[in-house]
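Here is how the chains run, residue by residue.
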Amino acid sequence: MDKFRILGREPLSGTLAVSGSKNSSLPAIAACLLTEEPVILHRVPRVRDIDTMLKLLEYNGATVKRLASGAVRIEARKISNPEAPYEIVKTMRASSLVLGPLAARTGTARVSVPGGCSIGARPINLHINGLEHLGATVHQEYGYIEAAAPDGLRGNTVHFERITVTGTEDLMMAATLARGVTVLDNAAREPEVVDLAGLLIKMGAKITGAGTSRIEIEGVAKLHGTEHTIIPDRIEAGTLMIAGVMTNSNVTVTECIPEHFAALMTKMRQAGARVEESSTAVEVRPVTRLRSVDMTTEEHPGFATDLQAQFMALMTGAAGISFITENIFENRFMHVPELARMGANIRIEGRQAIVAGPAELTGAQVMCSDLRASASLVLAALAARGESILDRVYHMDRGYEHIEEKLAGVGARIERIG
Ligand code: EPU
């Protein structure tokens, strides 16, 4: 199993370019199931979750090709197998994103019920309720959810009891081929939802309101092929920016859209970080002292849960007490005991982590438990005195493209070891 060896306290300098968004690419790939024509997606990152999703589409009957340019070409001329098997869903919950597209295109879909994962229960009841509102009959048997709509889906109003990102994406895709108008109420407003709507519109869908909490979709009979460039990964951009701040470095994070992580920018400034943004980059300048600030995760445009662990790593070195509240997932503090092994002073009380700083972090052997927890440990190791060994970095590989090469390219002492 791969590990990272990181020698901390090396100042970074130079440019860090952000890859395409993993969480935007996943629904975009699922959307290719909605048309028999080829779709070309540019800027799809080479990360493990994307490979898993592409494998799933091949299983469904699509032809998938990575082009020399790095783009992905997907052609789902026929859907031979409208199913997401357990083997794939257990490794990646987002594979339930094929539920809506398969039901809409073929009138039937079979998706393995996702189990829990290290960050929480991850149910998909809201996807299922939504599909039922669009006229599908859904039942669960033998560990699978089976949706049937032999006469096609029908537009309707779907009110989400709770905001769900992939639930909104799943239902938006399903509604593009439903008869009549669908309204998604209390929809997620994440940039990834807006990006997906942009792709679907290029494919011929009629969608308004993406980016607000009310999305309206007028169903069409068919969608067609197109080309689309995925938005930059806002979580990777935020992680790289925090790496610059935690190492007191002069770095520029490029090819990103700072507006997509405005809540993080605000907190960074409140903490005293010197971060200067343009429309496509963030410049980081060294500071000697950071102040603690409180932070609560929320749905977009609030502070992203996917940046909570990284922000906590930053707060370990800030002066004062920081209250960090996790509102989206019930078990997303797995990085806390590992950060504590590196000298951080953190106490957990229910949904809140209380970070007392500044702590002087020292290198240690630590274990990655999930994708964003791994990112926070990489950040802590870059800032710590001495050497750290991070075990189970396959979690990191799910969502960060060549992270060790990117960081080594600006002077970090990081290497992958077997
Ligand atoms: N929820 C339900 N029922 C549902 C769906 C969600 O109760 O049917 C609950 C969840 O348990 C959670 C909350 O609603 O407590 C929000 O979950 P959401 O559905 O929004 O999460 P998701 O769509 O499964 C996406 C990202 C996650 C990110 C969350 C929140 C993708 C592929 N995944 O997950 O990304 O944390 O939104 O922003 O877009 C990551 O990249 O590390 C990651 C976990």
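Scoring rules and cut-offs
The numbers attached to residues start from 1 for each chain and follow its sequence in the written order. Note on the predicted model: pLDDT of at least 70 is required for a residue's local features to be given, and 80 or more for side-chain atom pairs to be given and counted; whole-chain, interface and lining totals, by contrast, use all residues. Each side-chain value is derived from all of the structure's non-hydrogen atoms; neither hydrogens nor water enter the calculation. The way it works is that DSSP assigns letters per residue, a run of H or I at least four long becomes a helix, a run of E at least two long becomes a strand, and they are numbered from the N terminus. Note that the radius of gyration is over C-alpha atoms, with the globule rule given as 2.2 Å times the number of residues to the power 0.38. Between buried and exposed lies partly exposed: a residue is buried under 20% and exposed over 50% of the maximum accessible area for its type, with that area taken using a 1.4 Å probe on protein chains only. Contact definition: two residues touch when any of their heavy atoms are within 4.5 Å. Two residue types count as positive, namely Lys and Arg, and two as negative, namely Asp and Glu; His and chain ends fall outside the count. Where a charge sits is defined by one atom per residue type, namely NZ (Lys), CZ (Arg), CG (Asp) or CD (Glu). Points on a 1 Å grid over protein atoms alone make up a cavity when a 1.4 Å probe fits among them but cannot get out, and a pocket when they form an open set with protein on both sides within 12 Å along at least five of seven lines; lining residues each have an atom within 4 Å of a point. Grid points are joined across faces, edges and corners, and a volume is the space filled by probe spheres set on the points. When residues are sorted by character, Ala, Val, Leu, Ile, Met, Phe, Trp, Tyr, Cys and Pro go into the nonpolar class, Asp, Glu, Lys and Arg into the charged class, and all the rest, Gly among them, into the polar class. Throughout the structure description, domain borders are defined by an automatic or database domain assignment. When at least one non-hydrogen atom of a residue lies within 4 Å of a molecule or strand, that residue is treated as near it. The term polar contact refers here to a pair of N or O atoms within 3.5 Å; inside protein, the definition further demands a hydrogen-donor-capable atom paired with an acceptor-capable atom, and it admits residues adjacent in sequence only when both atoms are side-chain atoms. Reported accessibility uses the Shrake-Rupley method at a 1.4 Å probe radius. Residues are deemed covered only where the shown protein chains occlude them. A pocket or cavity is taken to hold a molecule when more than half of that molecule's atoms are within 2 Å of the pocket's grid points. Think of a salt bridge as a Lys or Arg side-chain nitrogen and an Asp or Glu carboxyl oxygen that are within 4 Å of each other. One less than the residue count of a helix, multiplied by 1.5 Å, gives the span that helix is expected to have. Here the nonpolar core consists of buried residues drawn from Ala, Val, Leu, Ile, Met, Phe, Trp, Tyr and Cys, with membership extended through side-chain atoms lying within 4.5 Å.

Asker: Go over the overall build of the protein chain with me, naming the residues and quoting the values.
Answerer: When its secondary structure is counted, the protein chain shows 14 helices and 24 strands. Relative to a compact globule of 418 residues, whose C-alpha radius of gyration would be 22 Å, the protein chain shows 21 Å and is just as compact. For the protein chain, the residues scored as buried account for 58% of the 418 residues in total. Within the protein chain, contacts between residues separated by at least 24 positions form 72% of all contacts whose residues are at least 6 apart in sequence. Positive and negative charge centroids in the protein chain, built from 44 and 48 side chains respectively, lie 2 Å apart.

Asker: Provide a residue-level description of the layout of surface pockets, including the pertinent values.
Answerer: By volume, the largest pocket is sized at about 1,300 Å³. Contributing to the lining of the largest pocket are 48 residues, with Ile119, Arg122, Thr166, Ile328 and Phe329 lying nearest its centre. Elements supplying a minimum of two residues to the lining of the largest pocket: α1 (22-31), α5 (125-133), α6 (165-176) and α12 (371-383). Among the elements that take part in the lining of the largest pocket, α1 stands out by supplying 4 residues, more than any other. For the lining of the largest pocket, the class distribution of residues is 17 nonpolar, 12 polar and 19 charged. Residue contributions to the lining of the largest pocket reach at least three from each of two domains, namely domain 1 (3-19 + 232-417) and domain 2 (22-229). A volume near 480 Å³ is recorded for the second largest pocket.

Asker: Before we move on, can you summarise the site of the ligand with the specific residues and values?
Answerer: Of all residues adjacent to the ligand, which total 23 residues, the nearest are Asn125, Thr164, Thr166, Asp306 and Ile328. Between an oxygen atom of the ligand and a side-chain N or O atom of Asp306, the distance comes to 2.6 Å. Taken by itself the ligand offers 830 Å² of open surface, and the protein chains cover 88% of this. Taken atom by atom, the bulk of the ligand overlaps the largest pocket.

Asker: Report on the pattern of salt bridges, specifying residues and quantitative values.
Answerer: According to the stated counting rule, one finds 23 salt bridges in the structure shown. With a closest N to O distance of 3.0 Å, Glu83 and Arg110 form a salt bridge. Within this pair, whereas Glu83 is found in strand β6 (residues 83-84), its partner Arg110 is found in strand β7 (residues 108-112), the two being separated by 27 residues in sequence. Judged by its relative accessible area of 25%, Arg110 falls in the partly exposed class. Shared partners join several salt bridges into a network, and the residues in it are Asp2, Asp397, Glu404 and Arg416.

Asker: Account for helix α8 (residues 234-246), with residues named and values stated.
Answerer: With 13 residues, α8 should reach 18 Å at 1.5 Å per residue; the first-to-last C-alpha distance of 18 Å fits that figure. Most of α8 is tucked away, with 13 of its 13 residues classed as buried. At the N-terminal boundary of α8, the capping side chain belongs to Asp233, with an oxygen 3.0 Å from the backbone nitrogen of Ile235. Where α8 terminates, the next one or two residues include Asn248, which has phi positive at roughly 55°.

Asker: Describe unusual backbone geometry, with residues and values.
Answerer: With an omega of 10°, the peptide bond between His300 and Pro301 qualifies as cis. When you line up the elements, Pro301 lands in the loop between β18 (295-296) and α10 (308-315). Each neighbour pair has its own omega, and for Gly357 with Pro358 the value is 0°, a cis peptide bond. The topology assignment puts Pro358 in the loop between β21 (352-357) and β22 (365-367). Backbone geometry at Asn186 places phi at a positive 65°, although glycine is not the residue there. Within the secondary structure, Asn186 sits in the loop between β11 (181-185) and α7 (191-202). A relative accessible area of 22% means that Asn186 is categorised as partly exposed. Although it is not a glycine, Glu255 sits at a positive phi angle of roughly 55°. Mapped onto the fold, Glu255 is located in the loop between β15 (250-254) and α9 (262-270). The class of Glu255 is partly exposed, set by a relative accessible area of 46%.

Asker: With reference to specific residues and values, describe empty space enclosed by the protein.
Answerer: In the structure shown here, the tally under the stated rule is 4 cavities of 30 Å³ or more. By volume, the largest cavity is sized at about 70 Å³. Lining the largest cavity are 13 residues, with His260, Phe261, Ala263, Gly302 and Ala304 positioned closest to its centre. Counting only elements with at least two residues in the lining of the largest cavity, the list comes to α8 and α9. By residue class, the composition of the lining of the largest cavity is 9 nonpolar, 3 polar and 1 charged.

Asker: Got a sec to walk through α5? Specific residues and values, please.
Answerer: Every buried residue of α5 is accounted for by Leu126, His127, Ile128, Gly130 and Leu131. Tucked inside the fold, the buried residues of α5 contact α4 (99-106), β8 (137-141), β9 (144-148), β10 (157-159) and α6. Taken from the residues just after α5, Gly135 is the one with a positive phi, measuring 95°.

Asker: Could you give an account of the environment of Glu255, with specific residues and numbers?
Answerer: Taking the C-alpha atoms as reference points, Glu255 and Pro191, separated by 64 residues in sequence, lie 15 Å from one another. In contact with Glu255, not counting residues within four places along its chain, are Ala17, Val18, Arg43, Pro232 and Thr280.

Asker: Kindly report on the nonpolar core, identifying the contributing residues and their values.
Answerer: In terms of nonpolar packing, the biggest core is built from 72 residues, with Ile74, Val98, Met172 and Leu200 touching the most fellow members. Once residues lying within four places of it in the same chain are set aside, the contact partners of Leu200 are Ala31, Leu34, Met172, Met173, Thr176, Ala205 and Ile207. Counting 70 residues, the second-largest nonpolar core is a separate cluster that includes Ala237, Met246, Ala273 and Val284.

Shape descriptors only; they carry no functional weight alone.
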